[in-house]
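Observations on the model geometry
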Amino acid sequence: MENPGASPFKDTPVGLDANSEEEYFSQSTLLKEFTEIPTIEKAWTLKSNSGASQVMFSISQPNLLENKKRRYASFSHISKERDDSVQFHWDAFPIEMGTTSLMVPSPSGSKLLVVRNAENDSPTRFEIWSSSQVEREFHVPSSIHGSVYSDGWFEGISWNSDETLIAYIAEEPVSAKPTFTYYGNEKGNCPDKDCNSWKGQGDWEEGWGEAYDGKRLPKLFVISINSGEVRAVDGIEKSPSVGQVIWAPSAKDSLQYLVFVGWPSGTRKFGIKTDTKLSAVVLTESISSAFFPRFSPDGKFLVFLSSKSAVDSGAHNATDSLHRIDWSIDAEPHPRNKIVDVVPVVMCAEDGSFPGLYCSNILSNPWLSDGHTMILSAAWGSTLVVLTVDILSGDVSRISPSTSEFSWDVLTLDGDNIIAVCSSPIDVPDIKYGYLVGNASDNTKWNWLDISSPIIKCSGKVRSLLSSKEFSIMSIPVRDASENLTKGASKPYEAIFASSKSKKHNACDPMIVVLHGGPHCVSLSSFSKSSAFLCSLGFSLLIVNYRGSLGFGEEAVQSLPGRVGSQDVNDVFAAIDHVIGMGLADQSKIAAVGISHGGFLTTHLIGQAPDKFAAAAARNPVCNFALMVGTTDIPDWCYFEAFGSEAKSSFTAAPSAEHLALFYDKSPISHVSKVKTPTLMLLGVKDLRVPITDGLQQMQERMQKMEKQMEEQKKTVRQEVIADVIAQLKHAGLIDPNILAALSIPSPSEPTSVQGAEQDQISSSGVEVKVMMFPDDIHELDRPRTDFESFLNIGLWFKKYCS
Ligand SMILES: CC(=O)N[C@@H](C)C(=O)N[C@@H](C)C(=O)O
C-alpha cells in the first residue's frame, strides 16, 4: 500500500529547489482537499403515490486520476412534521452515474429517461427506467443522429404530456464524405475500414466555435417510447441549428406542437459559448432574441427570456428581459403573436432596487401553484438571488434574504417550497428549504430553513482554514464620474473582499486582485474552490466587478464597450486604492489574476502600472486584439469591445491597417515594454476563443527582453571582473600601466566587489516569466488536472513573489 503521507509527485518538477519543493508538496495536499469538495449541479423533485416528495441531486466531483468529472446521484426523502419542521432523510450512499450523459424524469415522475452518449460515433443509448428496472432500451445509430446535446445551451429534452414521446436535440448525422481508392474517386459508399480506400474530408462546414469544435450541428428529433422509432423533425428551413425544445400543451387527440429556439442561417456563425446574442426568434419576428421558453402550468402563456439588448447593441451578453405570449391550446400557433413585456430591461439600477434580469438558466418547472408566479435565480449586483416574477403583473421580488451577501441558487421546487443552495466565497454550499409564510397575494414573507446534508463535505482542515476568514461586498465610487457618462455608468460598482478575520502582527495579508472575463459577466459571491484555496494560503482577495459587469443595470453594461483597457483598468485601480485607503491591503504586496478578458485586465494593469504589482497570473488572456481578431471564433467581440457603438458599421473579417492600429493601442501588448512584474501565463492549446498566440506573443517578447538584459548584465559583470583583477595586479605592482594603455584597457580607479555583482545578477535573473501549456484544453482551462495544476502554480507563484 502507498504511504498516504508521501509526496504525490514522482519526480521533482523542473525549477524547484528544496524549499520550494516542500511548499509545492504542502500546497498540493491542501489544494487536493479543496478540489474534492463536491458540487451540486441539478436537482429534481419526484412525487411518490402517497404524495411525499423525494429529491434527486446530481452531484459532481473532479476525478484527477481519470481527468474527468465523476458524477453521482444522491436521494433524499422529505417529510413535513406536525410542528411545521421539515426533515430530509438521506439514502445511505450516492449512486455513481457512470456513462450517463443526461437524466430527465417524466412529468408524472414515474419514469426516468437516461441518455448515454457514446464516443467514436457508436450508437446513442436511450433507457427508460421505472422505479424498479429498465423498461425499455433503444440504441440509435450515428446514421440517424450523433450525441444528444447536454451543453446547457442547445440542450433540450422534453417529454410530452402522456409520456409517449420525447423530443430532444442531437448532432445531425455524419454527412457523406467522398471515398478515394488507388484509381481515384470511388462511386458509392465503401466501408470505413477498407484498406484499399480512404475517406476524404469533403467541404468544410462552419461550426459553433469554442467548446463546440468537432460537434455537428444541433437538430431536432422525436423518439417514440413504445416503438423506439426516431424521427428527425424536418422543415425547419430558416434555422440550421435548433435547441431548447419543449412540447406545447395540447388538447387530447389534437396536433402536438414543439416550441424551440432556432439560430438563423445565412450569417457567419460566431462562437456561441457564453454568447446569448445569436438566439433567434421563436414564433414571432418582432423581437431579435428569444430563449428558455416555458409554458405556464395551465398552458395559457408561453414565457421566454430575451437578450434583445445584447443582440441590438452587439454585446455578447447584457441585461435580459422576460416576455409572454398568450397561447391557445385549440388555435394554431401564430407567427405574429403579440409579445407582452413582463420584465423589461432596467437601464439604470436605483440604489438597492431591482437592477434588471441576469439569468443563466430557468428551471424546467419554475412555477408556484398559483400558475403565474415563476421562481428564478438571477445576479443582483455581486450576489445571486432568488426572485419571484409574477408573469401577469410583472412584479419582481427578491425572496432570498435581502440582508444576505451570500449567493442563493434555486435547485428545484417542492410544490410551493424551494430547495436552494446558499454559499459565499468562504462558506461551502449549504442546502436551504424556503417556504411561504402568509399567502401569495398579500405581503408574503419567505422563511428559509437550514437543511443538514451529507452531500457537501469538506475536510476538517479546509473548514478550519475557512472559519478564520471573513468577506464583505464593497461599494466602490466611480472616479471619473464627471466624464460624459450615463447615470447608470456613474453609479458605484462593487468588489468582494475576503480576508483573515484578524491581522497577524498588525500587518495586512498580501492581496490578490481577481478579475472575471467576458467582460459582460460577473463574479458572484458564491463559493469558488480555487478562490477559497488562494484565500486559505494567506492571501486576501479583492474580486472586482468593474463597470461593464452584469448585475448593475444596462447603462453600466454599455458604458464599457469602446473604453476597454482604460475604464475597466481604472475601475480596478480605484478598487485597489479603496482597500489600501481603508488599511486593508499593503501596497507592496499586491498580485493580480484573471482569465480571458480578466487576463486582458491583468496584463494591462502590469503594463500601465509597472511598479504596482508584485506578481501576476494570466489565464488564456487577451493580450493583442490586433492578433486575436484574425484567429478567434468571435472577431465581432473584438470590434464591439474596442470600437463600442461604431462596431456594427465597422466590422469586417479583413480589418484595415487603421483598425489594426486601434486594436493594438487598446491592447496590453502596447505596454509590454514597461512590464517588470513576474508573470505566470497559463494557456490552453485548443482554445479557439483566444488562441494561444495572443498570450505567447506577449511572453516571448518579455523572454527576449529578459535574455537581452541578462546578456547585458553578464557583459557588465565580465568587465567588472576584469577591471577588478587588473586593479589588484596593478596594486601589487605586477602590471605595467603602459601595457594597459597599449591594450586600450582603461586604468581602473577603485577595486570593486565581484561578489556584489554576482548577487545582483542572481536576483535579477530569477525566473520572472513562466508559461504553462495545457495541450488538450480549450478556453476555460477547467479540466480537472488542468484546474489543479493551474491553481497550484498560481498559489506558488504568488507565494514566491508576494508574501
Ligand atoms: C465573450 C467572450 O467569450 N469573451 C472572452 C474574451 C472572455 O472574456 N471570456 C470569458 C467569458 C471567460 O471567462 O472565459
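Conventions we followed
Residues numbered from 1 in each chain as written. Predicted model: local features only at pLDDT ≥ 70, side-chain atom pairs only at ≥ 80, totals over all residues. Heavy atoms only, no water. UniProt positions renumbered as here; feature names shortened; annotations may be inferred. Helix = DSSP H or I, 4+ residues; strand = E, 2+ residues; numbered from the N terminus. Pairing = 2+ DSSP bridges. Axes fitted to C-alpha atoms, helices over the stretch in contact; angles between N-to-C directions. Phe/Tyr/Trp six-rings, centres within 6.5 Å; stacked < 30°, edge-to-face > 60°. Lys NZ or Arg CZ within 6 Å of the ring centre and 35° of its normal. Domains from an automatic or database assignment. Near = heavy atom within 4 Å. Polar contact = N/O pair within 3.5 Å; in protein donor to acceptor, adjacent residues only side chain to side chain. Areas by Shrake-Rupley, 256 points an atom, 1.4 Å probe, with all protein chains shown as cover. Nonpolar A, V, L, I, M, F, W, Y, C, P; charged D, E, K, R; others polar. Parallel < 35°, antiparallel > 145°, perpendicular 65-115°, else oblique. Left-handed = near helix turned anticlockwise from the far one by under 90°. Contact = heavy atoms within 4.5 Å. pLDDT = per-residue confidence, 0-100. Buried < 20%, exposed > 50% of the residue type's maximum accessible area, 1.4 Å probe, protein only. Core = buried A, V, L, I, M, F, W, Y, C linked by side-chain atoms within 4.5 Å. Lys, Arg positive; Asp, Glu negative; His and termini not counted. Salt bridge = Lys/Arg side-chain N within 4 Å of Asp/Glu carboxyl O. Expected span 1.5 Å × (residues − 1).

1. Here we look at the UniProt feature "coiled-coil region" (unreviewed entry) in the protein
The sites that carry the UniProt feature "coiled-coil region" (unreviewed entry) are, in the present numbering, residues 696–723. Note that residues 696–723 is 100% helix and 0% strand, and that its end C-alpha atoms are spaced 40 Å apart.

2. Digging into unusual backbone geometry
Across the junction of glycine 518 and proline 519, the peptide omega takes the value 0°, indicating a cis bond. Along the chain, proline 519 falls in the loop between β32 (511–515) and α5 (529–536). Positive phi is not limited to glycine here, since aspartate 121 has a value of about 55°. Here aspartate 121 lies in the loop between β7 (112–116) and β8 (124–129).

3. Re the sheet that holds strand β10 (residues 157–159)
Taken in spatial order, the four strands make up an open sheet running β10-β11-β15-β16, and their pairing is antiparallel. Looking at the sheet topology across the chains shown, the edges are occupied by β10 and β16 (230–232). The sheet shows a mean angle of 25° between the axes of neighbouring strands, taken without regard to direction. The pairing of strand β11 (residues 165–171) with strand β15 (residues 218–224) spans seven bridges and is antiparallel. Residue alanine 170 lies in a different strand from β15, and its bridge partner there is lysine 219.

4. Re the packing of aromatic side chains
The geometry of an aromatic ring pair is captured by two quantities: the separation of the ring centres and the angle between the planes. Tallied over the entire structure, the rule returns 32 aromatic pairs. Cluster of aromatic residues (ring-pair linked, three or more members): Tyr149, Trp153, Phe154, Trp208, Tyr212, Trp263, Phe291 and Phe292. The side chain of lysine 215 reaches across the aromatic face of tyrosine 149, ending 4.7 Å from its centre. Positioned above the aromatic ring of tryptophan 380, the side-chain terminus of arginine 398 is 4.9 Å from the ring centre.

5. Here's the deal with the domain arrangement of the protein
With domains assigned, the protein is organised as domain 1 (464–706 + 767–802) and domain 2 (710–763). One C-alpha centre belongs to domain 1, the other to domain 2, and the line joining them spans 46 Å.

6. Some thoughts on the site of the ligand
In the vicinity of the ligand, twelve residues are found, and the nearest of them are Gly518, Ser596, His597, Arg689 and His779. In this structure, an oxygen atom belonging to the ligand sits 2.7 Å away from a side-chain N or O atom of serine 596. The separation between an oxygen atom of the ligand and a polar main-chain atom of histidine 597 is 3.0 Å. Contact with the protein chains removes 90% of the 370 Å² of surface that the ligand exposes when unbound. For the shell around the ligand, the residue count by class is four nonpolar, seven polar and one charged.

7. Here we look at the packing of α5 against helix α16 (residues 784–802)
Their axes nearest at 10 Å, the elements α5 and α16 cross at an angle of 25°. Put simply, α5 runs roughly parallel to α16. Crossing angle aside, the handedness with which α5 passes α16 is right-handed. Counted together, Ser530, Phe533 and Leu534 of α5 and Phe791, Ile794 and Gly795 of α16 form the full contact between these two elements.

8. A word on the confidence of the model for the protein
Summarising the model, the protein shows a mean pLDDT of 89, and 89% of its residues fall at 70 or more. In the model, residues 1–7 has pLDDT below 50 throughout and makes one contact with residues more than four positions away in sequence or in other chains. Long-range and interchain partners of residues 274–282, a stretch whose pLDDT sits below 50, account for 42 contacts in this model, where long-range means more than four residues apart. For this predicted complex, the interface confidence reaches an ipTM of 0.96, while the overall pTM sits at 0.90.

9. Looking at the side chain of serine 296
By the secondary structure assignment, serine 296 is in the loop between β19 (291–295) and β20 (301–306). A relative accessible area of 3% places serine 296 in the buried class. At a separation of 2.8 Å, a polar atom in the side chain of serine 296 contacts the side chain of aspartate 298. Once you skip the residues sitting within four places of it in the chain, serine 296 turns out to touch Phe301, Trp367 and Gly371.

10. Concerning the nonpolar core
Membership of the largest hydrophobic core comes to 63 residues, with the highest contact counts inside it found for Phe57, Phe88, Ile419, Ile431, Ile512, Ile794 and Phe798. It is α16 that provides the largest number of residues to this core, a total of eight residues. Not counting the four nearest positions on each side in its chain, phenylalanine 88 is found in contact with Val55, Phe57, Ser76, His77, Ile78, Ile419, Tyr433 and Ile451. Formed by 49 residues, the second largest nonpolar core is a distinct cluster that contains Val544, Ile590, Phe613 and Phe640.

11. Digging into the side chain of glutamate 210
By the element assignment, glutamate 210 lies in the loop between β14 (197–199) and β15. Within the buried set, glutamate 210 has no salt-bridge partner at all; the shortest N-O distance to an opposite charge, 5.7 Å, is to arginine 689. A distance of 2.8 Å separates a polar side-chain atom of glutamate 210 from the backbone nitrogen of leucine 688.

12. Points about the environment of valine 769
Within the secondary structure, valine 769 is located in strand β37 (residues 769–774). According to the relative accessible area criterion, valine 769 is buried, its value standing at 8%. Once the C-alpha coordinates of valine 769 and aspartate 787 are considered, the two residues, 18 residues apart in sequence, prove to be 20 Å apart. Setting aside anything within four residues of it in sequence, one finds valine 769 in contact with Thr679, Met699, Arg702, Met703, Met706 and Trp797.

13. Quick word on helix α13 (residues 693–731)
Between its first and last C-alpha, α13 extends 56 Å over 39 residues, near the 57 Å set by a 1.5 Å rise per residue. Taken as a whole, α13 has its buried residues at Asp694, Gly695, Leu696, Gln698, Met699, Arg702, Met706, Val717, Asp724, Ile726 and Ala727. Following α13 by one or two positions, glycine 733 adopts a phi angle in the positive range, close to 70°.

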